[in-house]
Amino acid sequence: MVEDKSFLVFENLLTEIDQKIVEDTLLGFDFPWTFVPDITHKKPGQESRPGFSHVFYEPPGVAKSSFKNIVHKITEEGLKKIKKEKASIIQARSFLQLPLNKSFETFDEPHVDLDYDHLVFLYYVCDSDGDTILFNQDRNFSNIEKQVTPEKGKLLIFDGKIWHTAQQPRNSIRCVINIDLLI
């Protein structure tokens, strides 16, 4: 476990068998992805970054997916790690980004998932080169607090008020499950 005042990182949150089940499910033929022309919060003039999304839960915690058991497992194991017994899922989504045949000079647009207090569980489905970037709270986005490289089975936990973003993967797919919780 890596710990800091603003984030926690847990390697191998799930057993190797469960990691494989999650990866095989999300990257399998039967998982329903929706194409999104731009998965970032794009500013005018910024190049779009197409990808795919799947909604497990939408605010205020309404289940939308028959695959929600995956979110429950990750949430349950993550709560054990932070010694919490229960939480309410506000929203849970998965994102799949493909490497694009272009180079981006900037990272995706920094954002917060929700505009009120919450906790973010970001689970990495597979190894990738599209790092997650957490920023200091000065909102000029020039001071990076932490950069986390996606590794299969890793869980990044952070305060939902922290501005964050992702880098576009260059060499491999980037697949994450993003869970926003009220503790």
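Structure shown above.
This structure is a prediction, so every number in the text was calculated from the model and none was measured.

A. Here's a closer look at the overall build of the protein. Across its full length, the protein carries 2 helices and 12 strands. Walking the protein from its N terminus toward its C terminus, one meets helices and strands in the order β-β-α-β-β-β-α-β-β-β-β-β-β-β. Burial statistics for the protein: of 183 residues in total, 48% are counted as buried. Surface summary for the protein: the accessible area is close to 9,500 Å², and the carbon and sulfur share equals 51%.

B. Spotlight on the pairing of strand β4 (residues 51-58). Bridge count between strand β3 (residues 34-36) and β4: 3 bridges; the pairing is antiparallel. By the bridge assignment, T34 is partnered in β4 with S53. Of the pairings in the sheet, the one linking β4 to strand β6 (residues 88-97) comprises 5 bridges and is antiparallel in character. Across the sheet, the residue bridging to Y57 is A92, located in β6. Sheet topology places β4 next to strand β5 (residues 62-63); 2 bridges connect them, and they run antiparallel. Residue pairing for β5: E58 is matched across the bridge by V62. Connecting β4 to the next strand, β5, in antiparallel fashion are 3 residues, including G61 with a positive phi near 100°.

C. How the structure looks around the state of the cysteines. Tallying each qualifying case throughout the model produces 0 disulfides. C175 supplies the cysteine sulfur nearest to C126, a cysteine that is in no disulfide, at a spacing of 5.4 Å. For C126, a relative accessible area of 5% translates into the label buried. Judged by relative accessible area, C175 falls into the buried class, the value being 1%.

D. The arrangement of the nonpolar core in detail. Ranked by size, the top nonpolar core spans 29 residues in total, and within it I74, F121, Y123, I177 and I179 carry the most contacts. Sorting the residues of this core by element identifies β2 (7-10), α1 (16-26), β4, α2 (68-81), β6, β7 (119-124), β10 (155-159) and β12 (174-182) as the ones contributing at least two each. Those residues in contact with I74 that sit more than four places away from it in its chain are L13, L14, F121, Y123, L155, I177 and I179. Formed by 12 residues, the second largest nonpolar core is a distinct cluster that contains L134, L156, F158 and I162.

E. Region of the structure containing the environment of E58. Along the chain, E58 falls in strand β4. In this structure E58 comes out as partly exposed when scored by relative accessible area, which is 34%. As a C-alpha pair, E58 and Q91 span 33 residues in sequence and 4.5 Å in three-dimensional space. There is a polar contact of 3.4 Å between the side chain of E58 and the side chain of K64.

F. Just the side chain of Q168, in detail. Along the polypeptide, Q168 turns up in the loop between β11 (164-166) and β12. A distance of 3.2 Å separates the side chain of Q168 from the side chain of Q97, its partner in a polar contact. Among the polar contacts made by the side chain of Q168, one reaches the main-chain carbonyl oxygen of L98 at a distance of 2.8 Å.

Conventions used here
Residues numbered from 1 in each chain as written. Predicted model: local features only at pLDDT ≥ 70, side-chain atom pairs only at ≥ 80, totals over all residues. Heavy atoms only, no water. Helix = DSSP H or I, 4+ residues; strand = E, 2+ residues; numbered from the N terminus. Buried < 20%, exposed > 50% of the residue type's maximum accessible area, 1.4 Å probe, protein only. Areas by Shrake-Rupley, 256 points an atom, 1.4 Å probe, with all protein chains shown as cover. Pairing = 2+ DSSP bridges. Disulfide = S-S within 2.5 Å. Core = buried A, V, L, I, M, F, W, Y, C linked by side-chain atoms within 4.5 Å. Contact = heavy atoms within 4.5 Å. Polar contact = N/O pair within 3.5 Å; in protein donor to acceptor, adjacent residues only side chain to side chain.

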